[in-house]
Amino acid sequence: MKKIIIIAKKEFLDLLRDKRTLVRMILIPLLVFPVIINLVTMVQSSAAEKEAAKEVNVGYVLNGQSSDMIDNLAMIPNYNFYEFSDSTVLQDEILGDSVTVGLHFASNFDNDYSAGKTPELALFYEGVNQEDLSKVKYLLTMQDSLYTDMRMKSIDKDYGFIEPFSIVNRDIGDDNELIAKYAGGMLPYFFLAFCFMGCMIPAIDMFAGEKERGTIETLLTTPVKRLQIVFGKMIVITTFGLLSASLALLGLYFSLNFMGGEDELMKTIKGMLSPGLIGTLYILLVPLAIFFAGIMIPVSVYSRSFKEAQSILTPLNILVVLPAIFGFLPGVELDYTTAFIPILNVVLACKSLIGGHPDMILIGITFFSLIILAGLSVFISVKQFGKEGNVLR
Amino acid sequence: MIKVENLVKEFKLSKKQQKENNTSEKVAKAVNGVSFECQAGRIFSLLGPNGAGKTTTLRMISTIVKPTSGSIIVDGIDVIKEPQDARAKIGFLTGSTGLYERLTPNEVLKYFADLNDMDKATFEKRRDYYYDLLDMHDFKSKKIGQMSTGMKQKVSITRTMIHDPNVVVFDEPTSGLDVITAENIIKLINDCKKEGKTVIFSSHIMSEVDLLCDDLAIINKGKLLYSGTMEDFRSNMQTDTLTGEFIRIVNEN
């Protein structure tokens, strides 16, 4: 154990003096969430301000009908109404973008309305102007209610006369369940990704890097077992993986509490980050980080140089992304099959925790399956490091 | 003392390597039945052209590579059965030995002292001895990556000798070094001899061998072609120069 600690201590010291390590494993994870959240908040508030201040230009063709409705609508701020002689001119103006939505009253609109019929009000628009269209449609819905009310009053009836019953929505479900279903996989994924990236640089530097720099031979001539060398280095790789994930979490915590404000996105993320989730995530991340180290070490041991190892390991990011993407899908849950699929099982376990209905047996199976995988990957790493063909390649 | 008997090292050949070497053999014998003895207080040189098997032999002695068959005894310890104990007796240095560039000499030496289970007092005494001997005080706290080749070589020498090994293995130690830096290595090898250590070094530079060694072995294509004292070698020479004699032995076999 003493030799393992000596090796681990030296590797920590060595790596913490490497600028590349500090930037990729400490600075980026720490800053990524504050930067993203700051950007999202800025873009969101700026977009909301722009949207609120934006004026909608609406064209209309009265076709000889009364302008009562237009007069009503024109009183609403941020809407400009322009009259056109016929629908062809109106359509040209819409295509020319001087107005975005057009209203065309049918030639018998007033008569039909008075006669209790349903006259036509045509709406012209370009599909790309959906936002303006929605705003105008909303205004027209209000007018529709107003006109219905007026018509009911003219026959001495209440509005309720044409509404035999009203539907009242009452969602009695837990908000967290909804969050878990649609977004529960995202949060743990970020930490898994940082854990993976945090493991990568040390794994490459401590094996392929040592080979490239010619220090591995010297280390192999000291009275230390190869197993001890692998264990010492593995402690450092795993720690850096967990450190990266922790710094990302710290960055997220800082962003949520000091930068994010109180908008819906921030509230949703805050709702997910319970102490139980963080605790479970860490319990599962430890064997997973060892597993990551265990798949990176054989590649790094085999590679001749830092660059070669990096070129092999970087595409392995897909190994993390793919199972995690399956975990994002609604309906994919932690069960007796998925609990054995690494990465996916961690994402799903966290999802079930966010949803508030975790199955502790399945989470236990997840943990033990990760422990077995971690053990297996350590065994393979030691075997590969023991092969002189790899080490001296 | 180092005792090597019938040492064989086979490497598996991939299909690509078989094609490149124009052979159908699935294994290549890098070392084929080599035997020799290196005595304490004497300098033994392993000579041979490039690819002769010198580095593989020295790597087997240093336990980096396992022999396919044969035996190696280092300072009374069977290298194959007890590699870890053997390593504690060995100091290993090559011309291409790398150092941890982000650490200082103080840190590198402490690391290797700890790996060799040295106590603090002995370590500090040995470290300061080499700092004085090689005039290293000015750069002992400087990061190795910022040092000159000569400074780095001094750190490598101290790293090799810090645990006071009885057996010192040098694999082409002066290869790629300038004359002044190489001189430090030559001095180290002579100092080891004076201290009664067993020294084995590989080279293909005859002037270096002539200057340093007491005993020598010549190997080529993994086979031992000559083994004896330098004195016998000189007295039985069939050519005028040591280099000429070395080439003659290699070519005749």
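Quick caveat: nothing in here was measured; it's all calculated off a predicted structure.

Quick notes on the overall build of chain A
Right, so step 1: Of regular secondary structure, chain A possesses 17 helices and four strands.
Right, so step 2: Relative to the globule expectation of 21 Å for 393 residues, the C-alpha radius of gyration of chain A, 32 Å, shows a markedly less compact shape.
Right, so step 3: Each principal axis of the C-alpha distribution contributes one length, and for chain A these read about 105 × 45 × 35 Å.
Right, so step 4: In chain A, which comprises 393 residues, the proportion classed as buried is 37%.
Right, so step 5: For chain A, the share of sequence-separated contacts (at least 6 apart) that also reach a separation of at least 24 residues comes to 77%.

Details of unusual backbone geometry
Right, so step 1: Residues other than glycine seldom take positive phi values, yet D156 of chain A does so here, at roughly 60 degrees.
Right, so step 2: Structurally, the position occupied by D156 of chain A is in the loop between helix 6 (130–154) and helix 7 (175–183).
Right, so step 3: For D75 of chain B, which is not glycine, the phi dihedral falls at a positive 50 degrees.
Right, so step 4: One can find D75 of chain B in the loop between strand 4 (69–74) and strand 5 (77–78).
Right, so step 5: Taking the number of C-beta atoms within 10 Å as the measure of exposure, D75 of chain B has 19 and is therefore partly exposed.

Concerning the interface of chain A and chain B
The extent of an interface is frequently quoted as the accessible surface area lost upon association of the parts.
Right, so step 1: Contacts between chain A and chain B engage 19 residues on the former and 24 residues on the latter.
Right, so step 2: Every element with two or more residues in the side of chain A that touches chain B is listed here: helix 1 (2–16) and helix 9 (216–220) of chain A.
Right, so step 3: By residue number, the principal contributor to the side of chain A that touches chain B is helix 1 of chain A, which donates five residues.
Right, so step 4: When its residues are assigned to classes, the side of chain A that touches chain B shows five nonpolar, five polar and nine charged.

Quick word on the packing of helix 10 (residues 226–258) of chain A against helix 16 (residues 360–386) of chain A
All names here are of chain A.
Right, so step 1: Where helix 10 contacts helix 16, the axes come no closer than 9 Å and their chain directions differ by 125 degrees. With respect to their mutual orientation, helix 10 and helix 16 come out oblique. The handedness of the crossing between helix 10 and helix 16 comes out as right-handed. Within the contact between the two elements, helix 10 uses R226, L227, I229, V230 and M234 and helix 16 uses V378, S381, V382, F385 and G386.
Right, so step 2: Taken together, the residues that form the contact of helix 10 with helix 16 break down as seven nonpolar, two polar and one charged.

Details of the packing of helix 8 (residues 186–213) of chain A against helix 12 (residues 275–302) of chain A
All names here are of chain A.
Right, so step 1: At a closest axis distance of 9 Å, the pairing of helix 8 and helix 12 adopts a crossing angle of 35 degrees. Remark: the crossing between helix 8 and helix 12 carries right-handed chirality. Across the interface between the two elements, P188, F191, C195, F196, C199, M200, A203, I204, F207 and A208 from helix 8 touch L281, L285, L288, A289, F292, A293, M296, I297, S300 and V301 from helix 12.
Right, so step 2: Residues that form the contact of helix 8 with helix 12 fall into these classes: 19 nonpolar, one polar and no charged.

Each value, and the rule that gives it
Residues numbered from 1 in each chain as written. Chains lettered and ligands numbered in written order. Predicted model: local features only at pLDDT ≥ 70, side-chain atom pairs only at ≥ 80, totals over all residues. Helix = DSSP H or I, 4+ residues; strand = E, 2+ residues; numbered from the N terminus. Rg over C-alpha atoms; globule rule 2.2 N^0.38 Å. Buried ≥ 20, exposed ≤ 12 C-beta atoms within 10 Å, placed from the backbone. Contact = placed C-beta atoms within 7 Å. Nonpolar A, V, L, I, M, F, W, Y, C, P; charged D, E, K, R; others polar. Axes fitted to C-alpha atoms, helices over the stretch in contact; angles between N-to-C directions. Parallel < 35°, antiparallel > 145°, perpendicular 65-115°, else oblique. Left-handed = near helix turned anticlockwise from the far one by under 90°.

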